[in-house]
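Understanding the architecture of this molecule
For reference, the chains in residue letters:
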Amino acid sequence: GTLLDTAAIIRDSQVPVLGINTGRLGFLSNVAIQDIESCVEALLNGNFTLDGRSLIAVGGIGFSEHDFPFALNDVTLRNNDHNSMIAVQTYVNDIFMCTYWADGLIVSTPTGSTAYSLSCGGPIVTPDSNNIILTPIAPHNLSVRPFVLSNSNTVTLQPEARSGEFFLTLDSRTYPIDKHTRVELTRASFELNLVNLEGHNFFNTIRNKLGWAVDKRN
């Protein structure tokens, strides 16, 4: 959460970010506290690379100049009434795709594929895959499954519900919208640069954080 907030602070300045994990899982903050000293040494010696992470740009909403209309992890559309479903008319490049009847819809970046989308049954994709993932939250139709698109597409969402009031969440920032809002999602024109130390890579992180291949025989 702290690193997601940092993205909203540095914006498109291209300042590299290194995450120190002081919490629990920490997919983005993968340097442990006890490794800070060796981490600083690696930075001083230039033993690192930069890992560019794509963001989703959000349009169609009256953001203020102080807002950050981008998401590093995901954009989530939900009803303000948690006890009822919503219908989300979904278009790809202005071509009708489908209507999601669900508790909500998650549009995730590759970075966010290991976050909320994953807990709702979405796939894990590598950070360099140039995709976005559409993952319904508790869909009413069992044939509806997560869908992976190239992030060169424009995805448009039109929500419908009895209340006519919805919440759009960009990472941890929530905005109220109404049924007349058409949310347009595109790939941002800039990336967030994460510092990647030697010996750290996406597959190591997945194995360590998710406990893959954990077997007492190993």
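All figures in this text were calculated on a predicted structure; none of them were measured in a lab.

Focus on the layout of surface pockets
- Quantified by volume, the largest pocket comes out at close to 530 Å³.
- Where the lining of the largest pocket is concerned, the elements lending two or more residues are α1 (2–10) and β1 (20–21).
- Among the elements that make up the lining of the largest pocket, the one with the highest residue count is α1 (four residues).
- Looking at side-chain class alone, the lining of the largest pocket contains 10 nonpolar, 12 polar and one charged residues.
- Considered as a void within the structure, the second largest pocket measures approximately 320 Å³ in volume.

What to know about the nonpolar core
- In this structure, Val58, Leu157, Leu168 and Leu185 are the most contacted members of the largest nonpolar core, which totals 25 residues.
- If we skip the residues at most four places from it in the chain, Leu157 touches Leu77, Val88, Gln89, Thr90, Leu105, Val107, Thr181, Arg182, Val183 and Leu185.
- Counting residues in hydrophobic clusters, the runner-up holds 16 residues, among them Leu3, Val17, Leu55 and Leu194.

Structural notes on the pairing of strand β12 (residues 165–170)
- Pairing of strand β5 (residues 74–79) with β12 involves five bridges; the strand directions are antiparallel. Residue pairing for β12: Asn79 is matched across the bridge by Phe166.
- With six bridges connecting them, β12 and strand β13 (residues 173–178) associate as antiparallel partners. Directly across from Leu168, in β13, lies its bridge partner Tyr175.
- In this structure, the hairpin formed by β12 and β13 is closed by a connection of two residues, where Asp171 is found at a positive phi of approximately 55°.

Basis of the calculations
Residues numbered from 1 in each chain as written. Predicted model: local features only at pLDDT ≥ 70, side-chain atom pairs only at ≥ 80, totals over all residues. Heavy atoms only, no water. 1 Å grid on protein atoms, 1.4 Å probe; cavity = no way out; pocket = protein on both sides within 12 Å on 5 of 7 lines; lining within 4 Å. Points joined across faces, edges and corners; volume = space filled by probe spheres on them. Helix = DSSP H or I, 4+ residues; strand = E, 2+ residues; numbered from the N terminus. Nonpolar A, V, L, I, M, F, W, Y, C, P; charged D, E, K, R; others polar. Core = buried A, V, L, I, M, F, W, Y, C linked by side-chain atoms within 4.5 Å. Buried < 20%, exposed > 50% of the residue type's maximum accessible area, 1.4 Å probe, protein only. Contact = heavy atoms within 4.5 Å. Pairing = 2+ DSSP bridges.

The values reported here are purely geometric and, on their own, carry no functional implication.
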